[in-house]
Amino acid sequence: MKPDFLNHQAQTSPHPLAMEISHANGSYIYDANNKAYLDFVAGVSACPLGHQHPKVNSAIKDQLDKYSHVMVYGEYIQKPAVELTKLLAKHLPTSLQSTYLTNSGTEAIEGALKLAKRATGRSEIIAANHAYHGNTMGALSVMGYEDRKQAFRPLLPDVKFIEFNNEDDLSKITTKTACVILETIQGGAGFIEPKNNYLEKVRKQCDAVGALLILDEIQPGIGRTGKLFGFEHYNCIPDILVTGKGLGGGMPIGAFTASLELMNLLQDNPKLGHITTFGGHPVIAASALATLTEITKSNLIEQTLKKEQLFRKLLVHPLIKEIRGRGLMLAIITPSADITNALILKCQDAGLILFWLLFESKAVRITPPLTISNAEIKEGCSKILKILDEIKST
Ligand SMILES: Cc1ncc(COP(=O)(O)O)c(C=O)c1O
């Protein structure tokens with residue numbers, strides 16, 4: 001199928017991995033030759049319960065047998081979306097009780113930016129260097145990498161950038177600022193955590209000038225870092241929380257959550273302040289509800305930190321300079337991009353799926369399903385060490 005894949009399915013990477021998939025189950029993906037690959041990537045943090053989780057699959061099938069798409073977003077009362085947003089509210093602070101469901105993370109970012117502008121009547125948006133928030137025009141405007149967006153300019157006006165973790169930059173947040181948008185843990189940049197109570201300080205400055213704080217938890221959210229939401233580690237509650245990826249349990253989703261008072265502003269001036277045909281889709285919402293229920297009822301989140309310790313204990317090698325991140329959002333930093341590329345490609349040949357981070361060429365992504373077992377972690381890590389030995393000896 002490779003020629004058809006390359007000729008008909010539009011590609012934006014000159015070198016896609018092009019593995020032909022047959023099926024997937026638990027922590028394994030199988031190619032067309034039925035070769036098993038241990039999955040240390042989980043669809044880029046999007047499959048927290050692994051592949052074909054029985055509770056998620058039966059929720060999807062049950063909903064499909066009842067009804068699928070019946071109406072555009074928000075008109076009809078559809079149980080999966082109502083229960084999902086209610087369950088999110090149950091696990092969030094009282095200031096974050098109303099959720100708008102979208103079709104992707106980037107679309108949720110668009111909604112969050114619009115809400116911040118609408119709520120403050122201001123236009124300035126402050127984002128961080130090296131940030132990634134998605135690929136639509138608004139999300140691209142707040143991406144902190146000029147070379148990836150230059151070709152698409154003009155983008156949103158009035159976007160300014162600060163350095164993540166640099167307190168001196170906080171004075172750039174002023175009474176002109178509608179919102180500050182940050183990833184709770186910077187992903188594409190190389191899994192960079194906030195340091196020295198940085199997020200608390202951003203929160204304080206936003207409060208002082210009346211700007212809203214948007215935290216993008218599309219990657220760290222839904223249990224990956226040892227808490228249901230990353231912000232719980234940092235004593236900083238955003239005005240608007242953006243989630244996605246893992247929330248869908250392998251299905252396409254995004255969500256932005258705020259107070260009811262804030263969210264109700266999208267009802268007028270103009271009315272229909274954010275609309276979508278498929279957001280809140282019942283089958284997707286059923287998958288997300290089953291996923292969130294399982295993650296919040298099981299001990300998967302606390303196990304995440306134990307699994308992190310196991311990874312850190314096992315992954316000791318002269319070519320591993322550092323392991324960044326938290327929980328099961330980890331990145332191996334090798335001495336060079338060439339070593340990183342060799343490791344990822346050779347591991348794929350050896351039946352282990354690893355992947356790159358968007359903007360840190362020395363980083364190797366390790367974001368397995370939260371359901372990964374200790375035995376599977378050991379199996380994957382021993383492959384990584386063996387291949388690093390081979391790379392070192394060449
Ligand atoms: C932090 C962050 N924000 C936004 C997005 C965009 O989400 P989506 O790809 O679902 O549009 C991603 C996806 O990688 C992400 O990691």
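Structure's up top.
Here we summarise the structure given alongside this text.

What counts and what doesn't
Per-chain numbering applies: the sequence of each chain, read as written, is numbered from 1 onward. Only residues with pLDDT of 70 or above have their local features reported here, since the model is predicted, and side-chain atom pairs are shown and tallied only from 80 upward, although totals for entire chains, interfaces and linings are computed over all residues. Side-chain descriptors were evaluated using all non-hydrogen atoms of the structure, hydrogens and water having been removed beforehand. Each helix is a run of H or I in the DSSP string that is no shorter than four residues. Each strand is a run of E no shorter than two, and both are numbered from the N terminus. Accessible area is worked out with a 1.4 Å probe on protein chains only. A residue is then buried under 20% of its type maximum, exposed over 50%, and partly exposed in between. The term nonpolar core refers to a set of buried residues drawn from Ala, Val, Leu, Ile, Met, Phe, Trp, Tyr and Cys, joined through side-chain atoms within 4.5 Å. Residue contacts are counted whenever heavy atoms from the two residues lie within 4.5 Å of one another. Expected span of a helix, by definition, is 1.5 Å for each gap between consecutive residues, and there is one gap fewer than residues. What the arc covers is the set of directions going from the helix axis to the C-beta atoms.

1. A short note on unusual backbone geometry
Here's step 1: In this model, Arg 153 is joined to Pro 154 through a cis peptide bond whose omega is 5°.
Here's step 2: Note that Pro 154 resides in the loop between α6 (137-141) and β6 (159-162).
Here's step 3: Cis geometry marks the peptide bond from Asn 269 to Pro 270; its omega dihedral reads 0°.
Here's step 4: With respect to the secondary-structure elements, Pro 270 resides in the loop between α8 (260-263) and α9 (282-297).
Here's step 5: Positive phi, close to 70°, is recorded for His 130, a residue that is not glycine.
Here's step 6: By the element assignment, His 130 lies in the loop between β5 (124-128) and α6.
Here's step 7: Judged by its relative accessible area of 33%, His 130 falls in the partly exposed class.

2. A word on the nonpolar core
Here's step 1: Ranked by size, the top nonpolar core spans 83 residues in total, and within it Leu 354 and Ile 384 carry the most contacts.
Here's step 2: Take this core: its biggest share by element is 8 residues, from α9.
Here's step 3: Aside from chain neighbours lying at most four places away, what touches Leu 354 is Phe 40, Val 41, Leu 343, Ile 344, Cys 347, Val 364, Arg 365, Ile 366 and Ile 384.
Here's step 4: Judged by nonpolar contacts, the second largest core, of 24 residues, contains Tyr 100, Ile 125, Val 159 and Leu 266.

3. A short note on helix α10 (residues 300-314)
Here's step 1: With 15 residues, α10 should reach 21 Å at 1.5 Å per residue; the first-to-last C-alpha distance of 20 Å fits that figure.
Here's step 2: Among the residues of α10, those classed as buried are Leu 300, Ile 301, Thr 304, Lys 307, Glu 308, Leu 310 and Phe 311. Along the axis of α10, the buried residues cluster in a sector spanning 165°; they form a single face. Exposed residues on α10 whose side chains face more than 90 degrees from its buried face are Glu 302, Lys 306 and Lys 313.
Here's step 3: Check the buried side of α10 and you find it contacts α9, β11 (322-326), β12 (329-333), β15 (363-366) and α12 (374-392).

Functional significance is not addressed by these values, which are geometric in nature.
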